[in-house]
Amino acid sequence: MEPVEQQVQSDSIAAERSTEQSAVSAPDAPVRTERRRKPRAWETPPAPAPPTHLDDYKAIVGTAEIDELKFLARDLKGKTVKMVNSTAVGGGVAEMLNHLVPLLNEVEVSTHWEVITGGNDFFEVTKAFHNALQGSEYNLAQHARDIFLMHNEQNRQRIQFTEDFIVIHDPQPAALIRARERSPQRWIWRCHIDLSSPSREVWGFLRPFIEQYDAAIFSSQSFARQLPIPQYLFYPCIDPLSEKNKDVEESFIQHVCDEFGIDRSRPIVTQVSRFDRAKDPVGVVQAFKQARKYVDCQLVLAGGGASDDPEGAAVLKEVKDAVGQDPDIIILELPPWCALEINALQRASTIIVQKSIREGFGLTVTEALWKGKPTIAGAVGGIPNQIIHKLTGALVHSVDGCAYQIRYLLTHPEFARQLGQNGREHVKENFLMSTNVRRWLLLLRVLLAGGAK
């Protein structure tokens, strides 16, 4: 689900917009003469933030909800869980596991996290599988099948599967089910991507593996498939106390904007996402340029990558080509450890966009809504579970629709403010980490009581 981690290039902004270039206007933009500062480079990750504890959430969700979690965990104490996915950094799955695993351990459900290994050939195949399962055309050659099975077999031999519950995240490690032996273990396949219209070839190849699990979990009702195993609906979630979502000082927000040459006296439209065609960053650039003909604004495209996506660099080049020398568009290449900076950028924004054309869920939408920001997003995948059109945000189907919504929200600030307030409440009720812990505890109890295959 997530692309290749890239180091921040310290000159990624300044070199493309040198002081001479910053005085040159785009063909359809007014002249801007202000000069941008060269941002510092984040070459090494900071020290990890201290872990959050369940009691820390009481101020947000209330004492009763936290007490319920501790009660649900009582019959699971001593049980063990293994989470397996394809990347430790970058993207929503890794972010969720970074917070979910410690909280499950806190309630004495011993949980371990393994990341599979693989070469570029494997991740090129699994990225193609990912796109095909979300509707892209793909010719599944025998060579791709062999690469997928070979790397899954190598990981099966490397990883020990001794826990009571084994949770396999997404298609990349799906064939690890072959490690299952006749034992009371429960195996769960957690799918984070949109399976509403998958490639028949790829789904046909993967389905025999999925049918061997005890349960499958999807992020939206529309993703469910005809399977002989129980299926469950789990919304992805954010941690409101994480570096990316916690409250930050206004002075820090201003500092980050100064570093990146963002003018807070003018409206800021921001998309935070990997440089991935499914996120349609080129479409965002096109929509912004249309909207700017009528309203003054600037665009920030902040993204990075993850270790299981080899396409990020090519997509980033497409975005830069689409931007050209436009001084009102700022491209930021940020590594996964810049969570505080992403937080500040989102809070500084007037509007946040997530113009995905394919999407499993879109946690950047959840993050934006939690910060009370009016949000425009593609009406795809799990996004409509978060954005109720004209109530918690605005859904769009095209570049023209996105441009219109940018114009409308910038010229109707009171309506935009109300959308932001509604969106925050919607996240509080449905998409916080405490709710996710509750769902996991309930599912583990159900599977424990129901036995395994």
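Everything numeric here is computed off the predicted structure, so don't read it as measured data.

**Quick word on helix α5 (residues 142-158)**
The terminal C-alpha atoms of α5 lie 24 Å apart, and with 17 residues this matches the ideal 24 Å at 1.5 Å per residue to within 8%. Of the residues making up α5, those classed as buried are A144, I147, F148, H151, N152 and N155. For α5, the buried positions fall inside an angular range of 120 degrees around the axis, keeping them on one side. Among the exposed residues of α5, those pointing more than 90 degrees away from its buried face are H143 and Q157. On the buried face of α5, the contacting elements are α4 (120-133) and α6 (200-210).

**Focus on the sheet that holds strand β9 (residues 329-333)**
Judged by pairing direction, the sheet is parallel, and its 6 strands sit side by side in the order β9-β8-β7-β10-β11-β12 without closing on themselves. Sheet topology places β9 and β12 (394-396) at the edges, where each strand pairs with a single neighbour. Averaged over all pairs of adjacent strands, the angle between strand axes in this sheet comes to 20 degrees, irrespective of strand direction. Here 3 bridges tie strand β11 (residues 375-378) to β12, and the two strands are oriented parallel to one another. Along β12, the bridge assignment pairs I376 with A394. Here helix α11 (residues 363-370) sits on the sheet and contacts β7 (268-272), β10 (351-354) and β11; the angle it forms with β11, its principal contact strand, is near 165 degrees.

**Re the packing of aromatic side chains**
Enumeration according to the criterion identifies 17 aromatic pairs in this entry. Measuring from centroid to centroid gives 5.7 Å for F148 and F205, while their planes differ by 70 degrees, and the two rings are edge-to-face. With F148 in helix α5 and F205 in helix α6, the pair connects residues that are 57 residues apart, well separated along the chain. Take F148 and F205: they sit in the same class, and that class is buried. With centroids separated by 5.6 Å and ring planes inclined at 70 degrees, the aromatic side chains of F361 and F431 adopt a geometry described as edge-to-face. You can see F361 sitting in the loop between β10 and α11 and its partner F431 sitting in the loop between α14 (413-430) and α15 (433-450), a full 70 residues away along the chain.

**Some details on empty space enclosed by the protein**
Across all of its chains, the model carries 6 cavities of 30 Å³ or more by this definition. Its boundaries defined by the atoms lining it, the largest cavity holds a volume of some 70 Å³. As for the largest cavity, its lining consists of M96, L97, L100, H169, R190, H192, F234, N436 and W440. Among the secondary structure elements, those contributing two or more residues to the lining of the largest cavity are α3 (92-106) and α15. Taken together, the residues of the lining of the largest cavity sort by class into 5 nonpolar, 3 polar and 1 charged.

**Section: the nonpolar core**
If you look at the biggest cluster of nonpolar residues, it comprises 49 residues, and the most contacted ones within it are M83, L100, I188, V437, W440 and L441. Among the elements of the structure, α1 (58-61), α2 (63-73), β1 (80-85), α3, β3 (165-169), β5 (215-218), α11 and α15 are those that each provide at least two residues to this core. For M83, the contacting residues outside a window of four places in its chain are L97, L100, V101, L104, T111, H112, W113, E114, V167, H169 and W440. Counting 38 residues, the second-largest nonpolar core is a separate cluster that includes A175, W189, L195 and L206.

**Describing unusual backbone geometry**
If you check the backbone angles, D170 has positive phi at about 75 degrees while not being a glycine. One can find D170 in the loop between β3 and β4 (186-190). Of note, the phi angle at K390 is positive, near 65 degrees, even though the residue is not glycine. Overall, the relative accessible area of 59% leaves K390 in the exposed class.

About the criteria used
Counting restarts for each chain: residues are numbered from 1 in the order of the written sequence. With the structure being a predicted model, the display of local features is reserved for residues of pLDDT at least 70 and the display and counting of side-chain atom pairs for 80 or more, all residues being used for whole-chain, interface and lining totals. Hydrogens and waters are ignored; side-chain quantities use all the structure's heavy atoms. Helix and strand definitions follow DSSP, with helices as H or I runs of at least four residues and strands as E runs of at least two, each counted in order from the N terminus. Multiplying 1.5 Å by the residue count of a helix minus one yields the expected span of that helix. Buried residues are those whose accessible area, probed at 1.4 Å on protein chains only, stays under 20% of the maximum for their type, while exposed residues exceed 50% and partly exposed ones sit between those limits. Throughout, the arc means that of the directions going from the helix axis to the C-beta atoms. Whether two residues are in contact is decided by their heavy atoms, any of which lying within 4.5 Å being enough. Here a strand pair is declared whenever DSSP counts at least two bridges between the two strands. For every element, the axis is a line fit to its C-alpha atoms; helices are fit only across the contacting stretch, and the angle between N-to-C directions ranges from 0 to 180 degrees. Two aromatic rings from Phe, Tyr or Trp, using only the six-membered ring of Trp, form a pair when their centres are within 6.5 Å; if the ring planes differ by under 30 degrees the pair is stacked, by over 60 it is edge-to-face, and anything between is tilted. For cavity detection a 1 Å grid was placed over the protein atoms alone, and a set of points counts as a cavity when a 1.4 Å probe fits there but cannot get out; an open set counts as a pocket when protein lies on both sides within 12 Å along at least five of seven lines, with lining residues being those that have an atom within 4 Å of a point. Grid points are joined across faces, edges and corners, and a volume is the space filled by probe spheres set on the points. Each residue is assigned to one of three groups, with Ala, Val, Leu, Ile, Met, Phe, Trp, Tyr, Cys and Pro labelled nonpolar, Asp, Glu, Lys and Arg labelled charged, and all others, Gly among them, labelled polar. Take the buried Ala, Val, Leu, Ile, Met, Phe, Trp, Tyr and Cys residues and link them wherever side-chain atoms come within 4.5 Å; each set so joined is a nonpolar core.

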